[in-house]
Amino acid sequence: MTKMDAVFKAYDVRGTVPDQLDAEMCQAIGRAMARFAAAPEIVICRDMRETGVALSAAFAQGVRAEGVSVVDLGLGSTDFLYFAAGHLDAPGVMFTASHNPAQYNGMKMCLSGARPIGRDTGLAEIQATAESLLGQPIGTDLAPTRSLDLLGAWAEHVISFIDRDALRPLRVVADTANGMGGLVVPTVFATLPFKVDVLFPELDGSFPNHPADPIQPENLVDLQRAVLEHGADVGLAFDGDADRVFLIDELAQPVSGSLTTALVAASMLEKHPGETVLYNLICSHVVPEVVAEKGGVSVRTQVGHSIIKAVMAETGAIFGGEHSGHYYYRDNFRADSGIITALLVLELLSKSDVPLSKMLEPYQRYSDSGEINTEVASPAATVAAIAEHEVARGASVDMLDGLTVEHGDWWYNVRPSNTEPLLRLNVEAKTPEACAQHVAEVTALIGTFAAAPST
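Residues numbered from 1 in each chain as written. Predicted model: local features only at pLDDT ≥ 70, side-chain atom pairs only at ≥ 80, totals over all residues. Heavy atoms only, no water.

Asks: Break down the overall build of the chain for me, with residues and values.
Replies: Across its full length, the chain carries 14 helices and 22 strands. Its C-alpha atoms give the chain a radius of gyration of 22 Å, near enough to 23 Å, the size a compact globule of 455 residues would have. Buried residues in the chain amount to 56% of all 455 residues. Long-range contacts, defined as pairs at least 24 residues apart, comprise 69% of the intrachain contacts of the chain with a sequence gap of at least 6. Within the structure as shown, the chain displays about 17500 Å² of accessible surface, and the carbon and sulfur contribution to it stands at 52%. Taking the 31 positively charged and 58 negatively charged side chains of the chain as two groups, their mean positions are separated by 3 Å. (Helix = DSSP H or I, 4+ residues; strand = E, 2+ residues; numbered from the N terminus. Rg over C-alpha atoms; globule rule 2.2 N^0.38 Å. Buried < 20%, exposed > 50% of the residue type's maximum accessible area, 1.4 Å probe, protein only. Contact = heavy atoms within 4.5 Å. Areas by Shrake-Rupley, 256 points an atom, 1.4 Å probe, with all protein chains shown as cover. Lys, Arg positive; Asp, Glu negative; His and termini not counted. Charge placed at Lys NZ, Arg CZ, Asp CG, Glu CD.)

Listed below in structure tokens is the structure:
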């Protein structure tokens, strides 16, 4: 295992600083990115982590050493970087570790037009080139660098997704968790008629209040309390690089990524009848049901942003959603954006005479387990054994991404992690009681086949 193997993941670069990821590595990766992208300039942005200053500077030096200019956006969110890559038609790199703890940092890369770079679409090639360049000295003849302020242009782009005249003065609480939402939420909401209270707006990569990981229920407690205290219409929970958002309704109840996907899909299909909507395979069955009811076409995809963006390009889909809180828009260069999603929900609330909890009632048809991780020695072998067992008992199975098993009134997906020796399990059933029963059943299966000796 090389030094680079520890930080190059399926969709990005990520590791602890400086033991796994350091400035020397970033310089080599910058040189490799410049060679791979083969563009005249590369756009760079970073989040609030202190290590991002030195790491992004080293990366920029590597890019410039290859004769490629650098456009420095300074601080911003990941969806801001994707906008810049589309707006400027230039490759881009975001320095962030998203929701990971303070000791982490990393890079999300894209080509011009915000086209994604994953392991199979360039990341492996960039890694190989970076490994060959690691430790090699660079010359002093560097391409130029320039700073560019695009936040205002980005805010106008984001707001263009909604009808500004339809908005009314709703009460909003946003928990930005000391992440980049503290910069972008005030920027976008400044000209809109909402009363917005921002929790933990100070940019602080040490995350002094709570982790910037809103998919974990314990990180929503402050927001839930504030929604009730302020009598807010909605709560918005952003992750560290602010490309994901999770909703809290006016009763302080969390809204799953699947329900948000269904809600936004219905809204998008009202505006764009008959269009295609993507959903990843761990989303609730309510998503394709709602798309069909609204006259749209649904397409089921694997998990992961680079895959979803590629399918969006192939199908021309107007919108795509993931249970994990990523929401993709064709007119946003097919990139995901938490803030666009938040505005679309606020537009719906502005036009409605019912609160969010009532608006969601028609979509609350199933109970889901959330993602349950189990450490196993051989994830792929365990999935294969479970698949063989399910086929033998006559279940409907597919292997689009891991194993999905349909049992009529309930289903589950179990898939290996891309980065750890884990199996990720998602179960959905008609009721919470049935869901809990089936979680126990599948967990027992995983334990049986993970422990079975290989033949």
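Asks: Account for unusual backbone geometry, naming residues and giving values.
Replies: Following valine 17, the chain continues into proline 18 via a peptide bond in cis, with omega recorded as 5 degrees. As for its placement among the helices and strands, proline 18 is situated in the loop between strand S1 (13–16) and helix H1 (23–37). In this structure, alanine 242 takes a positive phi of about 60 degrees despite not being glycine. Mapping alanine 242 onto the fold places it in the loop between strand S9 (234–238) and strand S10 (245–248). Positive phi outside glycine occurs at alanine 252, with the angle close to 70 degrees. The exposure class of alanine 252 is buried, given its relative accessible area of 6%.

Asks: Describe the nonpolar core, listing the residues and the values that go with them.
Replies: In this structure, Phe189 and Leu236 are the most contacted members of the largest nonpolar core, which totals 76 residues. Residue contacts for leucine 236: discarding those within four places in its chain leaves Val172, Val173, Ala174, Asp175, Phe189, Leu223, Val245, Phe246, Leu247 and Ala342. One finds Ala28, Ala34, Ile42 and Val93 within the second-largest nonpolar core, a separate group that totals 33 residues. (Core = buried A, V, L, I, M, F, W, Y, C linked by side-chain atoms within 4.5 Å.)

Asks: So what about the pattern of salt bridges? Which residues, and what values?
Replies: For the structure shown, the criterion picks out 26 salt bridges. Arginine 146 serves as the salt-bridge partner of glutamate 41, at 3.5 Å between the closest nitrogen and oxygen. Highlighted residues: glutamate 41 in strand S2 (residues 41–46) and arginine 146 in strand S6 (residues 145–147), separated in sequence by 105 residues. Among the residues examined, arginine 146 registers a relative accessible area of 39% and is labelled partly exposed. The residue glutamate 347 makes a salt bridge to lysine 351 at a minimum N-O spacing of 3.6 Å. In this pair, glutamate 347 and lysine 351 both sit in helix H11 (residues 338–351), four residues apart, roughly one turn of the helix. (Salt bridge = Lys/Arg side-chain N within 4 Å of Asp/Glu carboxyl O.)

Asks: Help me get a handle on the pairing of strand S22 (residues 422–429), residues and values and all.
Replies: For S22, a buried count of eight out of eight residues is recorded, marking the element as mostly surrounded by other parts of the structure. Taking every second residue as pointing to the same face, both faces of S22 are buried, with Leu422, Arg424, Asn426 and Glu428 on one and Leu423, Leu425, Val427 and Ala429 on the other. Examined bridge by bridge, strand S17 (residues 367–368) and S22 share two bridges and lie antiparallel to one another. If you follow aspartate 368 over to S22, its bridge partner there is glutamate 428. As judged from the four bridges shared by strand S18 (residues 372–375) and S22, these two strands associate in the antiparallel manner. Each bridged residue has a counterpart across the sheet, and for asparagine 373 the counterpart in S22 is arginine 424. Sheet topology places strand S21 (residues 410–416) next to S22; seven bridges connect them, and they run antiparallel. Among the inter-strand pairings, valine 414 is bridged to a residue of S22, identified as leucine 425. (Pairing = 2+ DSSP bridges.)

Asks: Which residues make up the packing of helix H5 (residues 151–159) against helix H6 (residues 181–189), and what values go with them?
Replies: Describing two packed helices takes the angle between their axes plus the distance from one axis to the other. Two numbers describe how H5 lies on H6: the axes approach to 9 Å, and their chain directions differ by 65 degrees. The two elements H5 and H6 meet at a crossing, and its hand is right-handed. For the pair formed by H5 and H6, the contact residues are Leu151, Trp154, Ala155, Val158 and Ile159 on the first element and Leu183, Val184, Thr187 and Val188 on the second. Residue classes in the contact of H5 with H6 are distributed as eight nonpolar, one polar and no charged. (Axes fitted to C-alpha atoms, helices over the stretch in contact; angles between N-to-C directions. Left-handed = near helix turned anticlockwise from the far one by under 90°. Nonpolar A, V, L, I, M, F, W, Y, C, P; charged D, E, K, R; others polar.)

Asks: Explain the sheet that holds S10 residue by residue, including any values.
Replies: A sheet is described by the order of its strands in space; here five strands give the open sequence S8-S7-S9-S10-S11, paired in mixed fashion. A single partner strand is all that each edge strand has here, and the edge strands are strand S8 (195–199) and strand S11 (254–255). As judged from the four bridges shared by S9 and S10, these two strands associate in the antiparallel manner. If you follow leucine 236 over to S10, its bridge partner there is leucine 247. In the packing of helix H7 (residues 221–230) onto the sheet, the strands contacted are strand S7 (171–175), S8, S9, S10 and S11, and the crossing angle to S7 comes to about 160 degrees.

Asks: Explain the environment of leucine 111 to me, and be specific about the residues and the numbers.
Replies: Position of leucine 111 among the secondary structure elements: in the loop between strand S5 (104–110) and helix H4 (123–133). For the pair leucine 111 and histidine 305, spaced 194 residues apart in sequence, the C-alpha separation works out to 14 Å. Excluding residues within four positions of it along the chain, leucine 111 makes contact with Phe36, Ala37, Ala85, Ala90, Pro91 and Ile117.

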